[in-house]
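Architecture at a glance
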Amino acid sequence: MIKVDLSHAKLAEDLNDYKDKVAEIHDMIHNKTGAGNDFLGWVELPTNYDKDEAARIKAKAAELSKEIDVLLVCGIGGSYLGARAAIEAINGLYPTNKVEILYIGNTFSSTYLAQIKEYVKDKEFGINVISKSGTTTETSVAFRIFKELLEETKGKEVAARRIVATTDAHKGALKTLADQEGYEEFVVPDDIGGRYSVLTAVGLFPIAMAGIDIDAMMEGAKAAQDHYNNPDLATNDAYKYGVARQILGKKYPAEMFVTYELQLSNVAEWWKQLFGESEGKEGKGILPHSAVFSTDLHSLGQFIQEGSKVLFETVLKVTKPQLDLTVPSDPDNLDNLNYLAGKTVDYVNKRACEGTIDAHVNVGGVPNIVIELDEMNAYSFGYMVYFFEKACALSVYLLGVNPFNQPGVEVYKKNMFKLLGKPGYEK
Ligand SMILES: O=P(O)(O)OC[C@H]1O[C@](O)(CO)[C@@H](O)[C@@H]1O
């Protein structure tokens, strides 16, 4: 399903030197003995996720899909990125499923929110508000605005039926509100942090609303759980990737995650939070960056090829496209393109990928890690998520950092609260 190719990575160290350390960290993860060990619920989630809740998710999605045309997913960071990544990667950017999925709660941009308000005001819409803490300001502000709109246009009873809250099982402002209003509730497990939560109700409800088979996604994740439950660096590709990026990270401060499909740009956003928030602390970490090729080869390609040597690339290559087209033959051939007639567009895309890797690695001196995924569907998405989660935990522990906290995010919030005059933050 996933193959990691390090033949273009130009590693300055022997991977094997990390064998013992990796086996030690594998035990730390599985025996929960490392820093942040109360956030390791994702490790066995594909096996022991709440099946009753999954059934409720599917039932509510089926029921709500009959009633609404637009679902507003209201969350930020790990509370929406995984769902968005899955929905776009699997359904594409112009999907045919009935319910349109839009994202709010991820910004204070008044123009963005006002435009969405205008767009949905005469439509049949519902809201999935997602917040583990229940207090994230971006999410709370957007939810208040759209909840008011829904209640004003449809009445409180219909609104309560169309609002689904995904939050902590026991505490928080959102939990209290959901209990009081009688919203359908799903749970963010205590032992799973936001960036590791896509395979919980956080991701699964919006994904189900997009018409995607969440059982297949969990089966894919389970296959990855079994496959990567293996301390042997020689055969565990998730660990190979985790080690290789740390070796490269000693020389290069940035990692550029590259895909060749526009619909994977939010997989990159999800990946950036996963690695950036897990690793960027104590003055350490590799800056996670991303690009979609060949699109960005026409903007960033020059820098990557010949600019300062600050990055390595991690290329996610999907072997089989979901759809394909053939370049037509043209008798006049005025564009001189007949040499491609009869070839598929994906054939061209793959040659662009091969040519770019060769140019960047062998001419530009930019190391490439290549991660090959056979295809993109619900099953393989679940598999891929687990692969990156496991790779990330290993990689960040290898750096000597707790992968599961994010103390730095609080600093801007405190400043903002002070400036906004939030009670308790006055001075
Ligand atoms: O689900 P919540 O609590 O609203 O948090 C959303 C996001 O904000 C963060 O807590 C950072 O502020 C992320 O870790 C998380 O994914």
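Calculation criteria
Just so you know, the residues in each chain are numbered from 1, in the order the chain's sequence is written. Local features in a predicted model are, by the rule used here, given only for residues with pLDDT of at least 70; side-chain atom pairs are given and counted only at 80 or more, and totals for whole chains, interfaces and linings are based on all residues. What counts as a helix is a DSSP run of H or I of at least four residues, what counts as a strand is a run of E of at least two, and both are numbered from the N terminus. In this treatment the radius of gyration is a C-alpha quantity, and the globule benchmark scales as 2.2 Å times the residue count to the 0.38 power. The burial criterion counts other C-beta atoms lying within 10 Å of a residue's C-beta, which is placed from the backbone; the residue is buried at 20 or more, exposed at 12 or fewer, and partly exposed between these limits. Residues are treated as contacting if the C-beta atoms built from their backbones sit within 7 Å of each other. Segmentation into domains, and thus their bounds, comes from an automatic or database assignment. All amino acids are sorted into three groups, where Ala, Val, Leu, Ile, Met, Phe, Trp, Tyr, Cys and Pro are nonpolar, Asp, Glu, Lys and Arg are charged, and the leftover types, Gly among them, are polar. Contact assignment follows one rule, namely that a residue is near a molecule or strand if its backbone-placed C-beta atom lies within 6 Å of it. UniProt positions are given in the numbering used here, feature names are shortened, and annotations may be inferred rather than shown by experiment. The pairing criterion for strands is at least two bridges between them, as found by DSSP. Helices are assigned an expected span. That span is 1.5 Å times one less than the residue count. For every element, the axis is a line fit to its C-alpha atoms; helices are fit only across the contacting stretch, and the angle between N-to-C directions ranges from 0 to 180 degrees. As used throughout, a nonpolar core is a set of buried Ala, Val, Leu, Ile, Met, Phe, Trp, Tyr and Cys residues joined through C-beta atoms within 7 Å of each other. Between 65 and 115 degrees an angle is taken as roughly perpendicular, under 35 as roughly parallel, over 145 as roughly antiparallel, and anywhere else as oblique. Whether a crossing is left-handed or right-handed is set by the direction in which the near helix is turned from the far one by less than a right angle, anticlockwise for left-handed and clockwise for right-handed. Each C-beta atom gives one direction from the helix axis, and the arc is the one those directions make.

1. Describing the overall build of the chain
Of regular secondary structure, the chain possesses 16 helices and 10 strands. Expected size for 427 residues packed as a compact globule is a radius of gyration near 22 Å; at 23 Å, the chain falls within 12% of this value. Burial statistics for the chain: of 427 residues in total, 44% are counted as buried. Long-range contacts, defined as pairs at least 24 residues apart, comprise 79% of the intrachain contacts of the chain with a sequence gap of at least 6.

2. Overview of the domain arrangement of the chain
The domains assigned to the chain are domain 1 (3-33 + 218-399) and domain 2 (44-212). For domain 1 versus domain 2, the separation of C-alpha centres amounts to 29 Å. Every contact between the two is made by 24 residues of domain 1 and, on the other side, 21 residues of domain 2. Mapped by element, the contributors of at least two residues to the side of domain 1 that touches domain 2 are α10 (214-227), α12 (265-279) and α15 (378-398). Among the elements that make up the side of domain 1 that touches domain 2, the one with the highest residue count is α12 (eight residues). Looking at the side of domain 1 that touches domain 2 residue by residue, the class counts come to 12 nonpolar, eight polar and four charged.

3. Things to note about the site of the ligand
Around the ligand lies a shell of 14 residues, among which G77, G78, S133, T136 and G194 are the nearest. Residue composition of the shell around the ligand, grouped by class: two nonpolar, nine polar and three charged.

4. Regarding the UniProt feature "active site" (unreviewed entry) in the chain
The UniProt feature table records "active site" (unreviewed entry) at E277 and K413. The residue E277 is located in helix α12 in this model. Position of K413 among the secondary structure elements: in helix α16 (residues 409-420). Overall, the presence of 14 C-beta atoms within 10 Å leaves K413 in the partly exposed class.

5. Thoughts on the pairing of strand β10 (residues 368-375)
Here strand β1 (residues 2-5) runs beside β10; their pairing, made up of four bridges, is antiparallel. In the sheet register, D5 faces β10, and the bridge partner there is V370.

6. A look at helix α11 (residues 237-249)
Between its first and last C-alpha, α11 extends 18 Å over 13 residues, near the 18 Å set by a 1.5 Å rise per residue. Of all 13 residues that make up α11, 12 are buried, and the element is covered over most of its length. Buried residues in α11 make contact with β1, α1 (19-31), β7 (254-259), β9 (311-320), β10 and α15.

7. Considering the sheet that holds β9
Taken in spatial order, the five strands line up as β1-β10-β9-β7-β8 in an open sheet, and their pairing is mixed. Each edge of the open sheet carries a strand with a single partner, namely β1 and β8 (287-292). Each strand of the sheet is rotated relative to its neighbour by a mean of 20 degrees, with strand direction disregarded. Bridge count for β7 against β8 is six bridges, and the pairing is parallel. Bridge assignment links A254 to a residue of β8, and that residue is L287. Helix α14 (residues 345-363) contacts β9 and β10 of the sheet and is inclined by roughly 165 degrees relative to β10. Sheet strands in contact with α15 are β1 and β10, and its direction is about 150 degrees off that of β10.

8. Some words on the nonpolar core
When a protein is soluble and globular, its nonpolar side chains tend to lie buried together. If you look at the biggest cluster of nonpolar residues, it comprises 122 residues, and the most contacted ones within it are C74, A86, I207, I212 and F387. Split by domain, the residues of this core number at least three in each of domain 1 (3-33 + 218-399) and domain 2 (44-212). Residue contacts for I212: discarding those within four places in its chain leaves A86, I87, I90, N91, I207, M217 and A378.

9. Focus: the sheet that holds strand β4 (residues 125-131)
If you walk across this open sheet you meet the five strands as β3-β2-β4-β5-β6, and the pairing is parallel. Unpaired on one side and paired on the other, β3 (100-104) and β6 (184-187) mark the two borders of the sheet. Neighbour-to-neighbour, the strand axes of the sheet open up by a mean angle of 20 degrees, direction not taken into account. Of the strand pairs in this sheet, strand β5 (residues 163-167) and β6 are connected by four bridges, and their pairing is parallel.

10. Overview of the packing of helix α4 (residues 81-91) against α12
Packing of α4 against α12 brings their axes to within 8 Å, and their N-to-C directions diverge by 155 degrees. What the angle tells us is that α4 and α12 run roughly antiparallel. For the pair α4 and α12, the crossing hand works out as left-handed. Facing L81, G82, R84, A85, E88 and A89 of α4, the residues of α12 in contact are N266, V267, E269, W270 and Q273. A class-by-class count of the residues in the contact of α4 with α12 yields five nonpolar, three polar and three charged.

11. A closer look at α1
Relative to the 18 Å expected for 13 residues at 1.5 Å per residue, α1 spans 18 Å between its end C-alpha atoms, a close match to the ideal helical length. All of the buried residues along α1 are V22, I25 and H26. Along the axis of α1, the buried positions cluster into a sector of 110 degrees, meaning they face one direction only. More than 90 degrees from the buried face of α1, the exposed residues found are D20 and N31. Positioned one or two residues after α1, K32 has a phi angle of 55 degrees, which is positive.

12. A closer look at the packing of α4 against helix α9 (residues 201-209)
At their nearest, the axes of α4 and α9 sit 8 Å apart, and the two run at 35 degrees to each other. Crossing of α4 over α9 shows right-handed handedness. Of the residues in α9, those touching α4 at G82, A83, A86 and I87 are V202, G203, P206 and I207. Grouping the constituent residues of the contact of α4 with α9 by class yields six nonpolar, two polar and no charged.

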